[in-house]
Amino acid sequence: MKTHKSYWAGIALLLILPWCASAGAAQGDDPADQEIVIGWTAWADTEFVTKLAERAIEKYSDYEVTLRMANIAVQYQGVAEGSLDGMLMAWLPDTHADYWQRVKDDVDDLGPLYSGAQMGWAVPAYVPESELDSIADLNKPEVRAKLKGRIQGIDPGAGEMQISQKMLSAYDLEDYRLVASSDAAMTAALARAVKRKEWIVATVWTPHWIFGRWDLRFLDEPKQMLGNPQHVDALVRKGFKTDYPEIATFFTNMNFPLDELQRAMVAAQEDGIDTAIDDYMNTHEAEIKSWFAEAG
């Protein structure tokens with residue numbers, strides 16, 4: 001475990017310590033008297049899935065849920081160390097491979113919440129394919145000039161950003177700057193560019209409501225550094241399945257068809273997250289209840 005400890009030593013320990021007092025069964029108390037603590041990051045898909053899980057657990061079980069916002073590295077650390085009960089945003093096998101390798105022996109993977117998720121660099125459809133169709137085309141001087149040498153990114157700790165930074169070297173794009181921001185800042189930059197019909201390249205993924213709002217296309221990525229389609233899994237701390245068997249069953253059974261999830265995310269963007277979750281729970285009541293039931 002020496003490598004594991006040295007890796008995590010410098011990661012936001014001050015963010016972890018306050019959780020210990022409210023980390024449910026991780027403190028050894030009666031699980032029935034504790035809240036379930038779930039980590040999350042403000043990514044569009046994660047927000048909908050995590051907040052829906054919170055509402056369902058509180059409606060159909062005797063437990064309450066506390067959501068702890070933190071970057072992705074801190075979430076993996078928290079679940080591995082037991083200061084978080086779980087997280088619902090593990091992109092596997094490629095996107096979060098580095099994080100997974102460091103914690104896989106210290107967490108339990110309850111399986112996919114949805115499959116077919118995909119990362120990539122995307123442009124608005126009005127950008128001519130004849131000029132920009134592949135990441136390799138970014139080397140064209142005229143393309144670089146129109147993009148002002150910028151690739152719009154998201155959270156600096158995101159797996160997609162770590163891979164994207166490596167892609168700058170792999171594709172000889174040293175003249176470009178990968179702009180770290182957030183999901184919200186990335187979507188705001190896209191909105192401004194589309195309104196003005198300006199060129200933009202952004203690090204994006206599906207499912208995401210932006211594909212319902214704007215006509216976007218992924219750039220071809222010949223080296224496949226961003227990987228194949230991913231599955232997004234629920235991870236829980238060791239002992240969680242014993243402490244909370246009903247909720248472990250819920251996380252194991254919880255599953256969304258990708259197109260259905262994306263429609264729900266578009267609704268959340270247009271009508272608000274609470275309204276979208278209300279609508280989803282009303283139209284999928286029987287299915288959500290079945291997620292709490294053991295198979296057979």
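Described below are features of the structure shown in this document. This one's a predicted model, so the numbers in the text were calculated from it and none came from an experiment.

What counts, and at which threshold
- Residues numbered from 1 in each chain as written.
- Predicted model: local features only at pLDDT ≥ 70, side-chain atom pairs only at ≥ 80, totals over all residues.
- Heavy atoms only, no water.
- Helix = DSSP H or I, 4+ residues; strand = E, 2+ residues; numbered from the N terminus.
- Buried < 20%, exposed > 50% of the residue type's maximum accessible area, 1.4 Å probe, protein only.
- Contact = heavy atoms within 4.5 Å.
- Areas by Shrake-Rupley, 256 points an atom, 1.4 Å probe, with all protein chains shown as cover.
- Phe/Tyr/Trp six-rings, centres within 6.5 Å; stacked < 30°, edge-to-face > 60°.
- Lys NZ or Arg CZ within 6 Å of the ring centre and 35° of its normal.
- Salt bridge = Lys/Arg side-chain N within 4 Å of Asp/Glu carboxyl O.

**Remarks on the overall build of the chain**
Next up, step 1: Helices and strands together make up the secondary structure of the chain, namely 14 helices and nine strands.
Next up, step 2: Here the chain holds 296 residues, and 54% of them are scored as buried.
Next up, step 3: Nonlocal contacts in the chain, meaning residues at least 24 apart in sequence, comprise 81% of its contacts between residues at least 6 apart.
Next up, step 4: As displayed, the chain has an accessible area near 13000 Å², and 48% of this comes from carbon and sulfur atoms.

**As for the environment of Ala 56**
Next up, step 1: Structurally, Ala 56 is set in helix α3 (residues 44–60).
Next up, step 2: Overall, the relative accessible area of 1% leaves Ala 56 in the buried class.
Next up, step 3: In this structure, the C-alpha to C-alpha distance between Ala 56 and Lys 289, residues 233 residues apart in sequence, is 8.3 Å.
Next up, step 4: Leave out the neighbours within four places in its chain, and Ala 56 touches Ser 61, Phe 250, Met 281, Ile 288 and Phe 292.

**Overview of the packing of aromatic side chains**
Next up, step 1: With the rule as written, the count across this model stands at 14 aromatic pairs.
Next up, step 2: Measuring from centroid to centroid gives 5.2 Å for Tyr 76 and Tyr 99, while their planes differ by 25°, and the two rings are stacked. Here Tyr 76 is found in helix α4 (residues 72–81), whereas its partner Tyr 99 is found in helix α5 (residues 97–103), with 23 residues between them in sequence.
Next up, step 3: By relative accessible area, which is 1% here, Tyr 76 ends up buried.
Next up, step 4: With a relative accessible area of 3%, Tyr 99 lands in the buried category.
Next up, step 5: Both rings, one in Phe 256 and one in Trp 291, keep their centres 5.6 Å apart while their planes meet at 70°; by these two values the pair is edge-to-face. Of this pair, Phe 256 sits in the loop between α11 (245–253) and α12 (258–271) while Trp 291 sits in the segment after α14 (285–290); the two residues are 35 residues apart in sequence, bridging distant segments of the chain. Like Trp 291, Phe 256 is buried.
Next up, step 6: A connected cluster of aromatic rings, assembled from ring pairs, spans Phe 48, Tyr 60, Tyr 63, Phe 240, Tyr 244, Phe 250, Phe 251, Phe 256, Tyr 280, Trp 291 and Phe 292.
Next up, step 7: If you follow Lys 223 out to its NZ or CZ, it ends over the ring of Tyr 171, 5.5 Å from the centre.

**Re the pattern of salt bridges**
Next up, step 1: Tallied over the entire structure, the rule returns nine salt bridges.
Next up, step 2: Note that Asp 108 and Lys 238 form a salt bridge whose closest N and O atoms lie 2.9 Å from each other. Of this pair, Asp 108 sits in strand β4 (residues 107–124) while Lys 238 sits in the loop between β9 (230–237) and α10 (240–243), and the two are 130 residues apart along the sequence.
Next up, step 3: The buried category is assigned to Asp 108, whose relative accessible area is 14%.
Next up, step 4: In this structure, Glu 285 engages Lys 289 in a salt bridge whose closest nitrogen and oxygen atoms are separated by 3.3 Å. Here Glu 285 pairs with Lys 289, and both are found in helix α14, just four residues apart, close to one helical turn.
Next up, step 5: Owing to a relative accessible area of 43%, Lys 289 belongs among the partly exposed residues under this scheme.
Next up, step 6: A network of salt bridges, in which partner residues are shared, links Asp 85, Arg 237 and Asp 243.

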